[in-house]
Each structure stands twice: as structure tokens, then as C-alpha cells.
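# Structure assessment
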Amino acid sequence: MHIPPKASIVVLTGAGISAESGLATFRDNGGLWADHDIRDVATPEGFHRNPDLVFDFYNMRRREAAKASPNAAHNALARLENAWDGPFLLITQNVDSLHEKAGSKNVLHMHGKLNSALCYECGSHQQWDGDLDDGEVCTSCARAALRPDIVWFGEMPYDMERIEEALGGAELFVSIGTSGTVYPAAGFVMEAAGNGARTVEVNLQATGNPLFEDCYEGPAATTVPAFVEALLAGR
Ligand code: OAD
């Protein structure tokens, strides 16, 4: 693939990139939303109704994510960022830290992070690595008001200004391992394409979104390294 050497690249990742690291996706067979009701564990109303259920769900996911290691797809994106001469931004919908563990630097977690807690009284964020339960106290305001730092349905994703700016200048937009069903992330390809970016999808199976000009099908740990090598070779 030939992309100008200093082109601006924006990559969007979803749960599919972490599947081969052993972390469940949401909407595949046996995915997280098959066993858990979104309204119970991924909305502010669900948290208000039954906080313990919500704490338990994210404690389970935090423990699993802590044990997981990056796979070849995460490693390839870190290599791309390191080798690329132009601007590079990695936007992830994932709440695990596998991109950082692989060495990626310029990463935005638009749906939050498992290893962070959010104070719903003062809005501060703090690193949180173990289980988080009701009654934990915020280090900024000293109130017992911490919740998982996850963007739930009905809440505004993080870093949207920086994301919009990057999408406005992107010359290559790559979407990896996401079903493209949750907005605003699902609309990024339209914005990037509208601004003239080349658009590529890398997924187990093509999502069928006609806005992607190219699609690389197959498991991310195989397809992403191949895609990255082709991109770097074509400079
Ligand atoms: P989904 O579970 O909706 O989609 C996962 C995508 O990854 C699907 O298109 C699969 O085909 C693909 N996939 C599965 N295994 C793969 C593999 N080994 N290699 C490549 N692709 C693979 O997950 P997301 O699109 O990330 O939000 O979901 C978006 C958001 O919905 C999540 O961030 C989460 C969820 O509700 C919140 O919790 C706010």
C-alpha cells in the first residue's frame, strides 16, 4: 500500500484486537453482551440501581485484563507508531491497557480505562489497579464516590476534541477489530472519508460498511502485522 511517507495516520481499535489476548469481545458468539445486560452494567442508571453488580462486572474484567499480554497486532501498531515519520494517533474503544503494554504512546481511550477510577462527585480520575468496591474514597475530594472509569451508554466519550481534530487531518484511517455499531466511533470512518482520507478496515470478517475502500480479513494477530509491514514497505 502506498501512503505518502509523512502522511497523518489515525487508527481506531475495538475489542477484536484483544480477542487473541484472551479478552472477550462484546457482540461475537459468547461475547460479554450475551451474558450481561447492557442496561445493568453499562449505564449510569444500572449503576444507580445496583452498584455491587456493576463493581463486580468491572472487577472481573479488570482482573482478566491485568493477566492478559499484548498480541502481535498490538505489537505491530506500536512498531508502526515508532517507525512512522508523520503524525500517528491510536484511538481505542478498549478499556484494557494492551496497547500501552505493547509500547504504543499516543493512545486515547475514548471509552475509559479499567485501571482508572472516576469520582462522580468531583470528576477526578485516579489510577486503580485492584478491585474497586462501594465506599472507596476519592483522593481529591475525600468523598466515597468512586466508580469504574468507563464511559457508559448515554455518557460522552473522552477526548472528542482531539479525536475530531485528528480525523479532520487524517490521510489514512484504519479501523481494526470493531463491529462499528457504537457511535460516535462508528461514524469516524465517515468523517475521515469526508475529509479525503484513505480508509481501511481490518477485521475477522468485513463489516460491509461501503465507506471502507480496502478490507483485510482474518484474525488481527496475523492481519495487522502483515498490514503494517506492507504500509512501511510502501513508503
Ligand atoms: P464488538 O464486540 O462489537 O465487535 C468486535 C469486532 O471484532 C467484530 O466485528 C468481530 O468480527 C471482530 N473480531 C473478533 N475477533 C477478532 C479477531 N481475532 N481479529 C480481528 N477482529 C476480530 O466490539 P467493539 O466494536 O469494540 O463500549 O464494541 C464497541 C463498544 O461496544 C465497546 O467499546 C463497548 C461496547 O458496548 C462500551 O462499553 C461503552
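These numbers come from a predicted model, not from an experiment.

### Some thoughts on the UniProt feature "domain: Deacetylase sirtuin-type" (unreviewed entry) in the protein chain
Taking the numbering used here, the UniProt-annotated feature "domain: Deacetylase sirtuin-type" (unreviewed entry) corresponds to residues 1–234. What you have in residues 1–234 is 34% helix and 19% strand, and the ends, taken at the C-alpha atoms, are 5 Å apart.

### Section: unusual backbone geometry
The omega torsion across Y183 and P184 is 10°, close enough to zero to call that bond cis. Relative to the elements of secondary structure, P184 occurs in the loop between β7 (172–176) and α8 (188–194). In this structure, A142 is a non-glycine residue whose phi angle is positive, near 65°. Residue placement: A142 occurs in the loop between β5 (125–127) and β6 (146–150).

### Quick word on the sheet that holds β5
Sheet architecture is open: three strands sit in the order β5-β4-β6, paired in antiparallel fashion. The sheet is open, and its two edges are formed by β5 and β6, each paired on a single side. If you compare each strand with its neighbour and ignore which way they point, the axes differ by 45° on average. Where strand β4 (residues 112–119) and β5 come together, three bridges link them in antiparallel fashion. The partner of S116 across the bridge, within β5, is Q127. Contacts from helix α4 (residues 51–67) reach β4 and β6, with the element oriented near 55° to β6.

### With respect to the packing of helix α5 (residues 72–83) against helix α9 (residues 220–233)
Viewed as axis vectors pointing N to C, α5 and α9 meet at an angle of 20°, and their least axial separation amounts to 7 Å. Taken together, α5 and α9 sit at an angle that is classed as roughly parallel. Crossing of α5 against α9: the hand is left-handed. Across from A72, A73, A76, L77, R79, L80 and A83 in α5, the residues of α9 making contact are A220, A221, V224, P225, V228, E229, L231 and L232. Split by residue class, the contact of α5 with α9 holds 13 nonpolar, no polar and two charged.

### With respect to the site of the ligand
Close contacts around the ligand come from 23 residues, with A15, F26, R27, T178 and S179 the closest. One of the side-chain nitrogen or oxygen atoms of E20 is found 2.9 Å away from a nitrogen atom of the ligand. A distance of 3.1 Å separates an oxygen atom of the ligand from a polar atom in the side chain of N203. Of the domains in this structure, domain 1 (1–23 + 70–111 + 157–234) and domain 2 (26–67 + 114–150) are the two that each give at least three residues to the shell around the ligand.

### A look at the environment of T25
Here T25 shows up in the loop between β1 (9–13) and α1 (32–35). In sequence terms T25 and N94 are 69 residues apart; their C-alpha atoms lie 9.7 Å from each other. With residues up to four places along the chain from it excluded, the contact list for T25 reads A15, G16, A19, G31 and L32. Among the polar contacts listed, one links the side chain of T25 to the side chain of D28, at a separation of 2.6 Å.

### Some points on the side chain of R61
Summarising the element assignment, R61 is placed in helix α4. Look at R61: it is buried, it has no salt bridge, and the nearest opposite charge is E64 at 6.4 Å. With sequence-adjacent residues up to four places away left out, R61 is seen in contact with F26, L32, V95 and L114.

### With respect to the environment of L172
With respect to the helices, strands and loops of the structure, L172 is situated in strand β7. In contact with L172, not counting residues within four places along its chain, are M1, I3, S8, I9, V10, A197, R198, V200, F227 and L231.

### Topic: the state of the cysteines
By the definition in use, this model includes zero disulfides. Unpaired in this structure, C119 has its nearest cysteine sulfur neighbour in C141, at a distance of 3.7 Å. Exposure remark for C119: the relative accessible area of 1% places this residue in the buried category. Residue C122 stays outside any disulfide, its sulfur separated by 3.7 Å from that of C119, the closest cysteine. The exposure class of C122 is partly exposed, given its relative accessible area of 35%.

So, how was this worked out
- Residues numbered from 1 in each chain as written.
- Predicted model: local features only at pLDDT ≥ 70, side-chain atom pairs only at ≥ 80, totals over all residues.
- Heavy atoms only, no water.
- UniProt positions renumbered as here; feature names shortened; annotations may be inferred.
- Helix = DSSP H or I, 4+ residues; strand = E, 2+ residues; numbered from the N terminus.
- Pairing = 2+ DSSP bridges.
- Axes fitted to C-alpha atoms, helices over the stretch in contact; angles between N-to-C directions.
- Contact = heavy atoms within 4.5 Å.
- Parallel < 35°, antiparallel > 145°, perpendicular 65-115°, else oblique.
- Left-handed = near helix turned anticlockwise from the far one by under 90°.
- Nonpolar A, V, L, I, M, F, W, Y, C, P; charged D, E, K, R; others polar.
- Near = heavy atom within 4 Å.
- Polar contact = N/O pair within 3.5 Å; in protein donor to acceptor, adjacent residues only side chain to side chain.
- Domains from an automatic or database assignment.
- Buried < 20%, exposed > 50% of the residue type's maximum accessible area, 1.4 Å probe, protein only.
- Lys, Arg positive; Asp, Glu negative; His and termini not counted.
- Salt bridge = Lys/Arg side-chain N within 4 Å of Asp/Glu carboxyl O.
- Disulfide = S-S within 2.5 Å.

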